[in-house]
Amino acid sequence: MLTRQKIIEDLLPKKFGWKGKVWVIVLLIFCVIGLVAYILQLSKGLVVTSMRDYASWGIYISNFVFFVAISLVGSLITAVLRLTNVRWSTPLTRIAEIIAVSAITFASIIIVVDMGRPERFYNLFTHGRLQSPIVWDVIVITTYFFISLLLLYLPLLADFNIMLQIKKSTGNRLNKLYSYLGSFWKNKPEQIKINNRSIQILSITIIPVAFAIHTVTSWLFATTYRPGWDSTNFGAYFIAGAFLVGSGAVLVAMYIFRRAYKLDKYITTDHFDRMGKIVVMLALVYLYFNVNEFLAPAFKMKKTEEGYLLGLFTGDYSKVFWFALSTAIFIPILILVNKKGRRPLPAFIAGCLVVIGSWFKRYLIVTPTLLNPLLPMRDVPDSYRHYFPSWQEWAIAMGSLAGMMLIITIFARLLPIIPIQETIDEMEEHEKD
Amino acid sequence: MKWKNMRKIKYIALTIGLILFLSEVSLSQVVKNKLILGLGYYNNNNRLQYLKANTKAKLNGKFQQVAGIHLSFYITVEDPANLLGRAVTNEKGVANLFIPPSAKSVWNKSPKQTFLVVSEATKEYDGVHSNFDLTKSRIQIDTLPDRKITATFSELRDSAWIPVKGVDMKVTVKRLGGDLNVSETPTYTTDSLGVVNADFKLDKLPGDSIGNLVIIAEVDDNDIYGNLTTERSVPWGESSKYVSTFNQRSLFARRGWSPLWLEWIAYSIIAAVWGVLFYLFLQIRKLKRLGAGYVAGKSE
Amino acid sequence: MNTSDASRRDFLAASLMAGAALTGCSGKENPFETAQANGMITPTGKTVKLLSVDGEVIEMDEAFLRPVSDLPPVSNAEARVGIPGKKFVMVIDLSRCKSVKACQASCNHAHELNPGENWIKVDVIQDAEYTAPYWQPTTCMHCDEPPCVKVCPVDATFKREDGIVLIDSDRCIGCRFCMAACPYTTRVFNWEAPQLLKEIAEKPYSCETSIPQKIGTVSKCDFCADMTRKGELPHCVSACPNGVFFFGDMIEDSVSNGSETFRFSDLIKDKAGYRLMEDLGTKPSVYYLPPVNRNFPFEDKNDPQEDKKVKTKS
């Protein structure tokens, strides 16, 4: 039987065991290698990548789209489910929110990495043109970052109070952090009322902003004439994919935290069952958008799109294309449609597949289009006609993914990954019934 | 016997060696490329005059321009006192020199002048000379009703202007980068009165803002007279007014000139969302103030 | 009678002298009023003494000497506005192109481009199986509705009054959105540091000359904005031995390839000129004359590995 005391004991942030330490070290190694690669890139220029005049965008941009896509999970789990008065998702809200915040942070970082002159970043603010979709993207990303940060912070306030009371369990430095961030929270009824209303307002506001952020990102491609990008479907297509990869990431995170912190009582098999169903539904929606995106143009097979479409279906990119679709959509659906498949371990595997397949799907959005220009590729060295990322690009891309996971890991070390106060509230409400 | 043969052989060997050495030396001298230097005289609108020298050399079977050759220009004779100026050929192998005031007395003495140009020897090329014998001349343009142009070509003979027959002239309208022929005839030739009659056949040609055009009569690359152009402004064009989209609001205009609908939509959305955020920041402040009312440490 | 005649003669002589004095000693002689009136050339303030054809000593501002020597680069603000009252246009006659690529060589040389970077590309086009193959040189189209300018976030690429689209390499952040947006894929990127001679690298940068190129920025054909400001033709136009490129001002309705000058509207009408990818609505400023009655037969012996990409003209 769960008591308040037990809940607090279980959910307080704990120190890393040996597994946690190894995990952090591995992530740090990836981050450092990525940093070294970036320093090389800064000194020699973007020539260290494999990007050239035709494939002028590469895995930095596909990584960027991937990060923005994952960050939408914050709005889905936290906002949408909260607004629809779903109660079972409460343990997952903070996981979703921290994934969102760290993903958006690294989206901004990877976009600066992709710039040819990063030291001129401030030009965006001093000389920005409102007509440019990049400026729209900067505005929405910044807005979404602050909204997500607030949506992470406000529900934390109640937990600070609890943690400050249990000073013995947490270290001295952590206590200073907690008191700095939320010592003013005294659980007074007025505070609770204001806080709840603020969270409600944020949940409503974040939904259109989340839609905007990924629609504007899709417009970075849809506002051009390129085959494969010149599509009216792009906004909805991207958002559907974003929700899918976000919930897949939550499945992965759920499983890892449950195992690492022994949170079986809080992240139950029922949660996996429900998240699994959500992922199936989102995967079907995404499949629907993919069919729309590819079937209609393939029916027409316009000359400008022919090379691109055939390249994806049967040509140079076919292996990656069918791999991505299988791992992101088909196989997870097959796993999760079955009740046995929605148990924690199979669901975790399905979630991993969703994330990996989605990453490759983002690569397929960027590169094949650029290598099918409207005028023939001409008067360029041979290396310009292909694109396979160089080791520096891989290092930086993996480094950014490792960095994102590092932020999540450190957050779980410092702050409770499952909302303590809300769990207590739910338990008490449950007991009343 | 042996000694005599040895000496003969020595002499023969030496001679052969000398011949080989000399031929090698002369061969290496022959290898130096030939620089072709040309000189032309230009008279713009009877006012501005200059000399233009161009260089060419056969490299890899093709004639190519030679840059970086130092040239010295002279008038009448190749004497330091008659030096007009120095110039270096540019990338197109061309060097220009405007005739300086120092040539004033020599220039005014005679209607016939000689210009000379000398190139400095370099590693690849020997020094070469070239000259141009000029007879002073001029073109006068006049217009007749019904859009007819007459251009008279005369040369200077003992302070008198004498019309010249048989000189090829082009009559064009001044345009950017190249001049447009006024009629189908590309080249006219002066008649016995030194006159060329051209019809202005260009209908509705855009001129400046009030419809003025500039007619040019030119003599190109004449062996005696050089290159002359004379201009005259005529009101035979259409007035041209070009309104560019530069100062219109559009999606491709510069910063600050975006379409109004975009600015309204964007700023109102930003104001609305950040208004909400600002309100929430205020709410956090309120939470802090509410919390400060209690003594720290006590819990509820 | 005598006195009045004499006085009249004196008066005439005096006025003539005054007129001559006015024109002769104005200090800033300008025999090319139209150039100044069009705002194309601003006087530098430095004057040179010359001997005129009449044997008089005259003084002229350096800027008006034709042929023009190198002028100092214009300010960034002036480069962004361009030359008002002009609209530059190029006509490429496909029936004359032999893929000599002298245009490419002179352009690359004049703008000190890195090896591998070509602002002019000579495409091999064969629209369909039974249509004729031909070479098609492409430059930047300097579109009237440029998609590259629409998407630039920092105003680093801009369209001027005279229709030229330029790039400011001091402003460019290297995001390469313009490269993705251009349907003609005409833009190139400086992936590495440009290999320049010291005197080129130290020249003050001007958007009109596009020299020196900078690492991490985009570049493309600039219609030789510095040459057109001097009233000269772009390098590709002068370099082509077959007279393929014509350049001029659409407002003046005239284009020239250096040796031939045609009335632009007549040329396009008579030879059925067209623009590339008209259906995209970019409104390019480069017109093509179809490869009819070709001067040279098509032999792609230069590039055996180049694929003849079958594409549509529009």
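Residues numbered from 1 in each chain as written. Chains lettered and ligands numbered in written order. Predicted model: local features only at pLDDT ≥ 70, side-chain atom pairs only at ≥ 80, totals over all residues. Heavy atoms only, no water.

1. Considerations on the interface of chain C and chain B
This is how it is decided: Residue contacts are defined here by distance: any two heavy atoms, one from each residue, within 4.5 Å place the two residues in contact. Once two parts are brought into contact, the accessible area they lose, counted with a 1.4 Å probe and summed over both, makes up the buried area. One side-chain nitrogen of Lys or Arg within 4 Å of one carboxyl oxygen of Asp or Glu is enough to make a salt bridge.
Counting residues at the interface gives 51 residues for chain C, matched by 41 residues for chain B. For the pair chain C and chain B, the summed buried surface comes to about 3,800 Å²; carbon and sulfur atoms form 61% of the total. Of all residues in chain C, L51, V53 and R263 of chain C give up the largest surface area on contact with chain B, accounting jointly for 19% of the area buried on that side. Counting across the chain C and chain B interface gives one salt bridge. Notably, a salt bridge pairs E252 of chain C with R175 of chain B, separated by 3.8 Å at the nearest N-O pair.

2. Quick word on the packing of aromatic side chains
Aromatic ring pairs: the centre-centre distance and the angle between the two ring planes describe each pair. Under the convention used in this document: Here a pair means two rings of Phe, Tyr or Trp (six-membered ring of Trp) with centres within 6.5 Å. Their orientation is stacked below 30 degrees between planes, edge-to-face above 60, and tilted elsewhere. Secondary structure elements follow DSSP: runs of H or I of four or more residues count as helices, runs of E of two or more count as strands, with numbering from the N terminus. For every residue, the accessible area (1.4 Å probe, protein chains only) is compared with the maximum for its type, and the residue is labelled buried under 20%, exposed over 50%, or partly exposed between those bounds. Charge over a ring is defined by NZ of Lys or CZ of Arg lying within 6 Å of the ring centre and within 35 degrees of the ring normal.
On inspection of all chains with the given rule, the structure shows 43 aromatic pairs over all chains. When the centroid spacing of 4.8 Å and the interplanar angle of 70° are considered together, the rings of F153 of chain B and Y225 of chain B count as edge-to-face. Remark: Y225 of chain B occurs in the loop between β16 (213–222) and β17 (226–234) and F153 of chain B occurs in strand β10 (residues 148–157); sequence separation between them is 72 residues. Both residues of the pair, F153 of chain B and Y225 of chain B, belong to the buried class. Above the face of the F189 of chain C ring, R176 of chain C is positioned so that its terminal group lies 5.4 Å from the ring centre.

3. Some points on the pairing of strand β1 (residues 47–51) of chain C
All names here are of chain C. Filter applied, for reference: Any two strands with at least two DSSP-identified bridges between them are counted as paired.
Note that β1 and strand β2 (residues 57–61) share five bridges and pair antiparallel. Its bridge partner lying in β2, L51 is registered against V57. Between β1 and β2, which pair antiparallel in sequence order, lie five residues; one of them, G55, sits at a positive phi of approximately 85°.

4. Some details on a nonpolar patch on the surface
Test applied: Patch construction takes residues with relative accessible area above 30% that form no salt bridge. Like charges are linked within 9 Å, and nonpolar side chains (Val, Leu, Ile, Met, Phe, Trp, Tyr) are linked within 5 Å. Residue exposure ignores everything except the shown protein chains as possible cover, and the areas themselves are Shrake-Rupley values with a 1.4 Å probe.
Together, F146 and L149 of chain A together with F278, F281 and L282 of chain B make up a nonpolar patch on the protein surface, roughly 430 Å² of accessible area in all. Top element by residues in the nonpolar patch is helix α3 (residues 260–292) of chain B. It accounts for three residues. Its location among the elements puts L149 of chain A in helix α7 (residues 133–165). Judged by its relative accessible area of 33%, L149 of chain A falls in the partly exposed class.

5. Looking at empty space enclosed by the protein
All names here are of chain C. For the record, the criterion: Residues are said to line a cavity or pocket when one of their atoms sits within 4 Å of a point; the points come from a 1 Å grid over protein atoms alone, cavities being sets where a 1.4 Å probe fits but cannot get out and pockets being open sets with protein on both sides within 12 Å along at least five of seven lines. Grid points are joined across faces, edges and corners, and a volume is the space filled by probe spheres set on the points. Three residue categories are used. Nonpolar comprises Ala, Val, Leu, Ile, Met, Phe, Trp, Tyr, Cys and Pro, charged comprises Asp, Glu, Lys and Arg, and polar comprises the others, including Gly.
Under the criterion given, the structure shown has 11 cavities of 30 Å³ or more. If you add up the space inside the largest cavity, you get close to 110 Å³. Together, 16 residues line the largest cavity, and C152, A156, C172, C175 and C178 are the ones closest to its centre. Across the lining of the largest cavity, the residue classes tally to 12 nonpolar, two polar and two charged.

6. Overview of a negative patch on the surface
For clarity, the threshold we go by: Only four residue types enter the tally: Lys and Arg on the positive side, Asp and Glu on the negative side, with His and both chain ends excluded. Charged groups are reduced to one reference atom each: NZ for lysine, CZ for arginine, CG for aspartic acid, CD for glutamic acid.
A cluster of acidic side chains, namely D425, E428, E429, E431 and D433 of chain A, defines a negative patch on the protein surface. Locating D425 of chain A in the fold gives a position in helix α16 (residues 420–432).

7. Digging into the packing of helix α12 (residues 303–313) of chain A against helix α13 (residues 318–336) of chain A
Residues and elements named next belong to chain A. This is how the line gets drawn: In this analysis, axes come from line fits to C-alpha atoms, helices being fitted only over the stretch in contact, and the angle between any two N-to-C directions falls in the range 0 to 180 degrees.
Direction vectors running N to C along α12 and α13 enclose 65°, while the axes themselves pass 6 Å from each other. Taken together, the residues of α13 that come into contact with α12 (itself represented by G311, L312 and F313) are S318, F321 and W322. For the contact of α12 with α13, the class distribution of residues is four nonpolar, two polar and no charged.

8. Looking at the domain arrangement of chain B
All names here are of chain B. Rule in force here: Domain delimitation in this document rests on an assignment produced automatically or drawn from a domain database.
The domains assigned to chain B are domain 1 (35–135) and domain 2 (137–234). Listed as interface residues are 11 residues of domain 1 and, on the opposing side, 15 residues of domain 2. When domain 1 packs against domain 2, the two sides together hide about 1,000 Å² of surface, and 43% of this comes from carbon and sulfur. Between the two partners, domain 1 and domain 2, sit zero salt bridges.

9. Comments concerning the side chain of D162 of chain C
All names here are of chain C. Cut-off, in case you're wondering: In protein, a polar contact requires one atom able to donate a hydrogen and another able to accept it; more generally it is a pair of N or O atoms within 3.5 Å, and residues adjacent in sequence count only if both atoms are side-chain atoms.
Considering the arrangement of structural elements, one finds D162 in the loop between β6 (157–159) and β7 (165–167). Relative accessible area serves as the criterion here: at 0%, D162 is assigned to the buried category. A polar atom in the side chain of D162 sits 2.7 Å from the side chain of R160. When near neighbours in sequence (up to four residues on either side) are disregarded, D162 contacts V81, G82, I83, K86, K87 and F88.

10. Overview of the sheet that holds strand β8 (residues 129–135) of chain B
Residue and element names in this part refer to chain B. Reading across the sheet, the four strands line up as β5-β4-β7-β8 and stay open at both edges, with antiparallel pairing between neighbours. Only two strands of the sheet have a single partner each, and these edge strands are β5 (83–88) and β8. Each strand of the sheet is rotated relative to its neighbour by a mean of 20°, with strand direction disregarded.

11. Some remarks on the interface of chain C and chain A
Listed per partner, the contact involves 58 residues of chain C and 43 residues of chain A. With both chains or domains summed, chain C and chain A bury close to 4,200 Å², and 55% of this area falls on carbon and sulfur atoms. The largest contributions to the chain C side of the interface with chain A come from I173, F177 and W191 of chain C, which together make up 18% of the buried area. Linking chain C to chain A there are three salt bridges. K101 of chain C serves as the salt-bridge partner of D379 of chain A, at 2.8 Å between the closest nitrogen and oxygen. Where chain C meets chain A, there are 29 residue pairs in polar contact (both at pLDDT 80 or more). Those elements that place two or more of their residues in the side of chain C that touches chain A are β4 (121–126), β5 (133–138), α5 (147–151), α6 (177–181), β8 (188–189) and β14 (309–310) of chain C. In terms of residue count, β4 of chain C provides more of the side of chain C that touches chain A than any other element does, five residues in total.

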